[in-house]
Amino acid sequence: MRRLLALTVILAMWGHCVWACAPYFPSGYLVSGGYDITRMIDVQFRREVSRVLGLPYTETDSDSEDSSLNTRQWALSGEMESCELSEALGALDWKERNDLVRQYAAFREELQNLVAERGKQCADHEEKHREWRWGDKKGDPPVLAPCRRLDMAAYEALFARLPKEFALYARGAAAYRSEAWDDAIAQWTELLALPPGDRRFRTVWAAYMNGMASWRKEDFPEAEKWFAQTRQHVKDGFKDSQDMGNGSLGWSGRALLDQGRFAEAINRYVEYAQIADYQESGLVSLDMVCAQAGRSKTDLAVLAEDPVARDVYTVWVVSHSRMASSRKEWLDAIRTLPADVETLEPYRLARIAYDSGEFDQAAAWLDRVEPPTPDGQWLRAKLLAREGKLAEATEVLHALDESLKPTDERRIRDRGDPWLTISEGDMMRAERGVLLLQQQQYAGALEEFLRAEFFPDALYIAERVLTMPELEQFIQTHAEDPAFTTPRKRNGEDCFLDAYSYGPCTTPMALLRYVLAMRLARNGEWAKAAPLYPATPDAWALRRSFRTPPPDDYSGKAIRIGQLLQRGRDTSQPVRERAQNLLEAGKMMRQYGLELTGTFLEPDWAIVGANLDWPEVARIGHKNAEFGPSQDELDRYQQHTPRVDKRFHYRYVAADVMWECAELMPGNDVLGAEALYLGGTFLKRRDPEAADRFYKALVQRHPNLLIAQQADKLRWFPKEFTDELAYSPRNPQ
């Protein structure tokens, strides 16, 4: 549903991901940027730590709510309390029992009203404090009023009739709701002093809530002690209807964290995450503990000495590779360990060293990885590439791709489009494409990007790097390859028509044929281009405008334009007929130019519906000389630049055809004037300077036509063309 919503937004807006309030577009290596051959892929902490802990992992859209922070912390579940109270009152007749349960429910409702009232007080206080903080800060900051105490006298008669453990628990709950933490602890501690047989139902609840009250008092050691007692009472067989024993693990970890005992907190949250219902909460908490440990001035050597904490924190540092200080400090802490201490997967330490720029250290740790792992081999390929051993790096990735089972591949969330995930295999293929591009193996690079479904990057090679004969040869070689002739799917959905616009193409091969067709058309080879156009246009046209519909027959329109241009330039034909053919050709080239001769990338950016002035192709602006384009690649890129290197370049081409038409006509000729008028209007909004020659020629060559006189008066083009004459022949008499 979210992906459908995202695509709906994309269709409506068609902007780039770096602009505010615009849709997202997938990242790439060559065109939009976002990925770098020298960087390892981003790793998601919760997924990776799940692998380390041997836990199943399910992708979630967002951090789930901490289970231990829900209403269980108040231990006032109405349904459960009523059932357990009714069970405890089993010796009474049903009328008296029901009457007590009803009165107790009324008491609980009053507690809930107190909670709602306090919630409103806190919200109002926060608003006043915000106004003070962002205002002139005159006077003292607002102070939150004390919580109202519940009038317990009205319930003493009820409590006198209840089992003592329920009465004590209720008094403690009332004090807790009133934020009288010490009073609450006193009541619950008295409950826990009762003989075990008299506190079957509320022992676990009282210990748990003592922990909560102590935590609210910021007495964290005491809170941790009570949470430990909660779990012991569960082991001793006391009723735990609210699963507080397991829930106390999370709060015990929080109490340890608040004391700065990070290694112990990590161990506690690992234990917490092992419980299926609390796994997501435990993983989120582990992320939080590691982040706080990284920010604090704690001695990371303490974490390094604890085997569990060491493994978890190593995964956290890997998944937060951009935090340079954390990487260096953790490597220093690991180096303090004795040489015989086993560490979690030396690959991860190699990854940290690599991200820190310690490439020799990374290679040394990789040599300790036995047997080689996919992640380790991927990292080794990057080290080889940095050493300039591009062919060896390519071979390592190729062998890795063949050995990696699709079921073992992790999904990597795209940096540009948060709704999109990419498989490890596709990332490796794309990186092989970059390596082959560096080695000037352009056809091989194109194949890798297509197989990786990095279509914008594939377009860069097909449109601007390969020569037309090379592209034709590639199409012929792979014409029957199922990888290029089958519609693509990603995340279980048809993804070829993704956030970018590929026209009416449905397969990679159709896209390549389309690119070749447009290149041939730009080169004037219309007849050769015609059969290569997509056969069945549909709603995914390049043009995102309701004003100008796409052509209903790409090939037919291309053939027609080619014929008109040929006739218009045939000097054996009558001049006026030639001009009429050129006029019609110019109109069609303006109307259908994007679909028939446009560029997916620079300068037209049809890949985004031609609705954006996209920045320069990231590959061309690459500052890294080691992995930037070669001179041969740059020469090819410039060689295949359209004749007019401006957005909507086909408008300039159509305008030139109109100029060619006007040149054939004499002065004061309606056909010549119309050609100049249309040629100028093609350009006047985006490039007034280029349109100026059409305006001047219209006024100077056709002074006896009304359209020229209107233009002269306006000093620009009128809104509409008119073919009226502006004079009457003089009477010879």
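Just so it is clear, the model here is predicted, and its values are computed rather than measured.

### Some points on the overall build of the chain
Next, step 1: Of the regular secondary structure elements, the chain holds 33 helices and 4 strands.
Next, step 2: Taking all 733 residues of the chain together, the buried fraction comes to 52%.
Next, step 3: Excluding contacts between residues fewer than 6 apart, the proportion of contacts in the chain whose partners are at least 24 apart in sequence is 66%.
Next, step 4: Carbon and sulfur atoms form 50% of the exposed surface of the chain, whose accessible area is close to 33700 Å².

### Topic: the packing of aromatic side chains
Next, step 1: This model, assessed by the stated rule, comprises 32 aromatic pairs.
Next, step 2: Members of the aromatic cluster, joined through ring pairs, are Tyr 169, Tyr 176, Trp 181, Trp 188 and Trp 205.
Next, step 3: Directly above the ring of Trp 226 sits Lys 225, whose terminal nitrogen or CZ lies 4.8 Å from the centroid.
Next, step 4: When the ring centre of Trp 659 is taken as origin, the NZ or CZ atom of Arg 701, which lies over that ring, is 5.0 Å away.

### Details of the pattern of salt bridges
Next, step 1: All chains considered together, the criterion is met by 43 salt bridges.
Next, step 2: Two residues, Asp 632 and Arg 636, come together in a salt bridge whose shortest N-O distance is 3.2 Å. Taken as a pair, Asp 632 and Arg 636 lie in helix α29 (residues 631-639) at a separation of 4 residues, close to a single helical turn.
Next, step 3: Relative accessible area serves as the criterion here: at 28%, Asp 632 is assigned to the partly exposed category.
Next, step 4: Look at Arg 636 and you get buried, because its relative accessible area is 14%.
Next, step 5: Among the charged side chains, a network of salt bridges with common partners joins Glu 96, Asp 99, Arg 102 and Arg 161.

### Considering the nonpolar core
Next, step 1: Grouped together as the largest cluster of nonpolar side chains are 169 residues, with contacts concentrated most on Leu 303, Trp 330, Leu 446, Tyr 460, Ile 461 and Tyr 533.
Next, step 2: When residues of this core are assigned to their parent elements, the largest contribution, 10 residues, is made by helix α25 (residues 508-522).
Next, step 3: Here Leu 446 is in contact with Ala 458, Ile 461, Ala 462, Leu 466, Leu 471, Phe 474 and Leu 512, once residues within four sequence places are set aside.

### Comments concerning unusual backbone geometry
Next, step 1: Glu 370 connects to Pro 371 through a cis peptide bond whose omega is -10°.
Next, step 2: Within the secondary structure, Pro 371 is located in the loop between α17 (359-366) and α18 (374-386).
Next, step 3: In this chain, Glu 602 is followed by Pro 603 through a cis amide linkage whose omega measures 0°.
Next, step 4: Within the secondary structure, Pro 603 sits in the loop between α28 (575-597) and α29.
Next, step 5: We note that Glu 179 has phi near 65°; this positive angle belongs to a residue other than glycine.
Next, step 6: In this structure, Glu 179 sits in the loop between α6 (164-177) and α7 (181-192).
Next, step 7: Overall, the relative accessible area of 33% leaves Glu 179 in the partly exposed class.
Next, step 8: With phi around 65°, Glu 218 is a residue other than glycine that occupies positive phi space.
Next, step 9: By secondary structure assignment, the location of Glu 218 is in the loop between α8 (203-216) and α9 (220-235).

### Let's talk about the confidence of the model for the chain
Next, step 1: Confidence along the chain averages 84 in pLDDT terms, with 83% of residues attaining 70 or more.
Next, step 2: Low pLDDT, under 50, characterises residues 1-23; the stretch is placed with 43 contacts to residues that sit more than four places away or in other chains.
Next, step 3: Below a pLDDT of 50 lies the segment residues 61-76, which in the model reaches 47 contacts outside its immediate sequence neighbourhood of four places, other chains included.

### Regarding the state of the cysteines
Next, step 1: Overall, the coordinates contain 0 disulfides when judged by the stated rule.
Next, step 2: Its sulfur unpaired, Cys 122 is 7.9 Å from the next cysteine sulfur, which belongs to Cys 147.
Next, step 3: For Cys 122, a relative accessible area of 32% corresponds to the partly exposed category.

### Details of the packing of helix α16 (residues 346-355) against α17
Next, step 1: It is at 8 Å that the axes of α16 and α17 come closest, and there the two elements cross at 170°. Judged on the interaxial angle alone, α17 and α16 are roughly antiparallel. Of the residues in α17, those touching α16 at Pro 346, Tyr 347, Leu 349, Ala 350, Ala 353 and Tyr 354 are Phe 359, Gln 361, Ala 362, Trp 365 and Leu 366.
Next, step 2: Classifying every residue of the contact of α16 with α17 gives 10 nonpolar, 1 polar and no charged.

### A short note on the environment of Phe 455
Next, step 1: Turning to its location among the elements, Phe 455 is positioned in helix α22 (residues 455-465).
Next, step 2: Here the alpha-carbon distance between Phe 455 and Val 31, two residues 424 residues apart in the chain, equals 9.9 Å.

### Here's the deal with the environment of Arg 701
Next, step 1: Mapped onto the secondary structure, Arg 701 falls in helix α32 (residues 688-701).
Next, step 2: Its relative accessible area of 29% is what places Arg 701 among the partly exposed residues.
Next, step 3: When the C-alpha atoms of Arg 701 and Leu 676 are compared, they prove to be 9.9 Å apart, with 25 residues separating the residues in sequence.
Next, step 4: Apart from residues lying up to four places away in sequence, Arg 701 is in contact with Trp 659, Ala 662, Glu 663, Gly 667, Asn 668 and Leu 676.

### Brief notes about the side chain of Ser 630
Next, step 1: For Ser 630, the position within the fold is in the loop between α28 and α29.
Next, step 2: Overall, Ser 630 belongs to the buried group, its relative accessible area being 18%.
Next, step 3: A polar contact is formed between the side chain of Ser 630 and the backbone nitrogen of Glu 633, at a distance of 3.1 Å.
Next, step 4: Setting aside its immediate chain neighbours within four residues, Ser 630 contacts Gln 440 and Tyr 442.

### What about the packing of helix α2 (residues 45-53) against helix α12 (residues 279-295)?
Next, step 1: Running from N to C, α2 and α12 point in directions that differ by 110°, and their axes come no closer than 10 Å. Viewed along their axes, α2 and α12 adopt a mutual orientation that is roughly perpendicular. Along its contact with α2, which presents Phe 45, Arg 46, Val 49, Ser 50 and Leu 53, the element α12 presents Gln 279, Glu 280, Leu 283, Val 284, Leu 286 and Asp 287.
Next, step 2: In the contact of α2 with α12, the residues fall into 6 nonpolar, 2 polar and 3 charged.

Thresholds applied
- Residue positions are given per chain, counting from 1 as you read along its sequence in written order.
- Totals for whole chains, interfaces and linings use all residues, but because this is a predicted model, local features are given only for residues with pLDDT of at least 70 and pairs of side-chain atoms are given and counted only at 80 or more.
- Only hydrogens and water are removed before side-chain values are computed, so all heavy atoms of the structure are retained for them.
- For the purposes of this entry, the term helix denotes a DSSP run of H or I that reaches at least four residues, the term strand denotes a run of E that reaches at least two, and both are numbered from the N terminus.
- For each residue, the accessible area found with a 1.4 Å probe, counting protein chains only, is set against the maximum for its type, and the residue is called buried under 20%, exposed over 50%, and partly exposed in between.
- What makes two residues a contact is simply this: any of their non-hydrogen atoms within 4.5 Å.
- Exposure was quantified through the Shrake-Rupley algorithm and a 1.4 Å probe, taking into account, for residues, occlusion by the shown protein chains and nothing else.
- Pairing of aromatic side chains here covers Phe, Tyr and the six-membered ring of Trp, requires ring centres within 6.5 Å, and sorts the geometry by plane angle: under 30 degrees stacked, over 60 edge-to-face, intermediate tilted.
- Note on criteria: charge over ring means Lys NZ or Arg CZ within 6 Å of the ring centre, with the direction from the centre no more than 35 degrees off the ring normal.
- Whenever Lys or Arg places a side-chain nitrogen within 4 Å of a carboxyl oxygen from Asp or Glu, that contact is recorded as a salt bridge.
- Residues belong to one nonpolar core when they are buried, are Ala, Val, Leu, Ile, Met, Phe, Trp, Tyr or Cys, and are joined through side-chain atoms within 4.5 Å.
- The pLDDT value tells you how sure the predictor is about a given residue, anywhere from 0 up to 100.
- Criterion for a disulfide: a pair of cysteine sulfur atoms within 2.5 Å.
- Helix axes are fitted only over the stretch in contact, all axes being lines through C-alpha atoms; the angle between N-to-C directions runs from 0 to 180 degrees.
- Here the angle decides the label: under 35 degrees means roughly parallel, over 145 means roughly antiparallel, 65 to 115 means roughly perpendicular, and every other value means oblique.
- All residues other than Ala, Val, Leu, Ile, Met, Phe, Trp, Tyr, Cys, Pro, Asp, Glu, Lys and Arg, Gly among them, are scored as polar; the first ten of these are nonpolar and the last four charged.
- Within 3.5 Å is the distance limit for a polar contact, defined as a pair of N or O atoms, with the added protein rule that one can donate a hydrogen and the other accept it, and that residues adjacent in sequence qualify only through two side-chain atoms.

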